[in-house]
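Okay, here's what each chain looks like letter by letter:
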Amino acid sequence: ADLKAREAAAIEQARALDLPKEVSGVFWYSSADLEIDPYVAGVNAAPGWMLSKLGVKNIVTSQEEWPTVGWETIARANPTFIVAARMDRRRFPADDLAVKRNFLTSDPVTREMEAVKNDRILAIDANAMDPSVRTIFALEVLSDALASFDLVP
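Small disclaimer: the values here were computed from a predicted structure and weren't measured.

K.L.:
Account for the pattern of salt bridges, naming residues and giving values.
P.N.:
Tallying each qualifying case throughout the model produces eight salt bridges. Across the pair R6 and D2 runs a salt bridge, and its minimum N-O distance is 3.8 Å. You can see R6 and its partner D2 sitting in helix 1 (residues 2-16), four residues apart, about one turn around the helix. For R6, a relative accessible area of 21% translates into the label partly exposed. Put simply, E114 and R120 hold a salt bridge, and the shortest N to O gap is 2.9 Å. Looking at E114, the relative accessible area reads 29%, which means it is partly exposed. Overall, R120 belongs to the buried group, its relative accessible area being 11%. The network of salt bridges with shared partners includes D2, R6 and E140.

Written as structure tokens, this is what we have:
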């Protein structure tokens, strides 16, 4: 009951913002190598559910949970914000949040995105991006971030 109430409160908070339709986001989990396409959340991943519940467009339209999508495609979609997974593992260089941030702000393609230029890079624990009770914590963090981004014209 507590989780359902928290879910409803996060959704209501975001809906009350009356965000413009063009507000969009992307969840970046990791990349096997920074020179190749990143793993991002598709519409059927837990983050895809979060975005839809909060009234935000997922720029990734794939039905896959975690497809790879090229940075040029992501940049062309120009997300309003980027959620980067924070994780303890270091299997790939981009498992490190600092590496993700450095890449986003220094790469000639990614640094031109609205999300990067406006410092709308949000960190959420990777384990909250998988379906579990932790997903509600991530939903709350995302809803709070939307409220802090000042996206309403």
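Once the structure has been displayed, the description carries forward.
K.L.:
Explain helix 6 (residues 134-148) to me, using residue names and the numbers behind them.
P.N.:
Residue pairs three or four apart in sequence face the same way in an α-helix, which turns once every 3.6 residues. Taking 1.5 Å of rise per residue, the 15 residues of helix 6 would be expected to cover 21 Å, and the 21 Å separating its terminal C-alpha atoms lies within 8% of that figure. What helix 6 keeps buried is the set T135, I136, A138, L139, L142, S143, A145 and L146. Residues of helix 6 that are buried sit in contact with helix 1, strand 1 (24-30), helix 2 (46-53), strand 4 (81-86) and strand 5 (121-125). Looking one or two residues past helix 6, D150 carries a phi angle of roughly 55°, positive in sign.

K.L.:
Which residues make up helix 1, and what are the values?
P.N.:
When the terminal C-alpha atoms of helix 1 are compared, their 21 Å separation across 15 residues agrees well with the 21 Å that a helix rising 1.5 Å per residue should span. Along helix 1, the positions that sit buried rather than exposed are A10, I11 and A14. On an axial view of helix 1, the arc spanned by its buried residues comes to 95°, and they lie on one face. Turned more than 90 degrees from where helix 1 packs its buried face, D2, E12 and A16 sit exposed. If you follow the buried residues of helix 1, they end up packed against helix 2 and helix 6. Where helix 1 terminates, the next one or two residues include D18, which has phi positive at roughly 55°.

The rules behind these values
Residues numbered from 1 in each chain as written. Predicted model: local features only at pLDDT ≥ 70, side-chain atom pairs only at ≥ 80, totals over all residues. Heavy atoms only, no water. Salt bridge = Lys/Arg side-chain N within 4 Å of Asp/Glu carboxyl O. Helix = DSSP H or I, 4+ residues; strand = E, 2+ residues; numbered from the N terminus. Buried < 20%, exposed > 50% of the residue type's maximum accessible area, 1.4 Å probe, protein only. Expected span 1.5 Å × (residues − 1). Contact = heavy atoms within 4.5 Å. Arc of directions from axis to C-beta.

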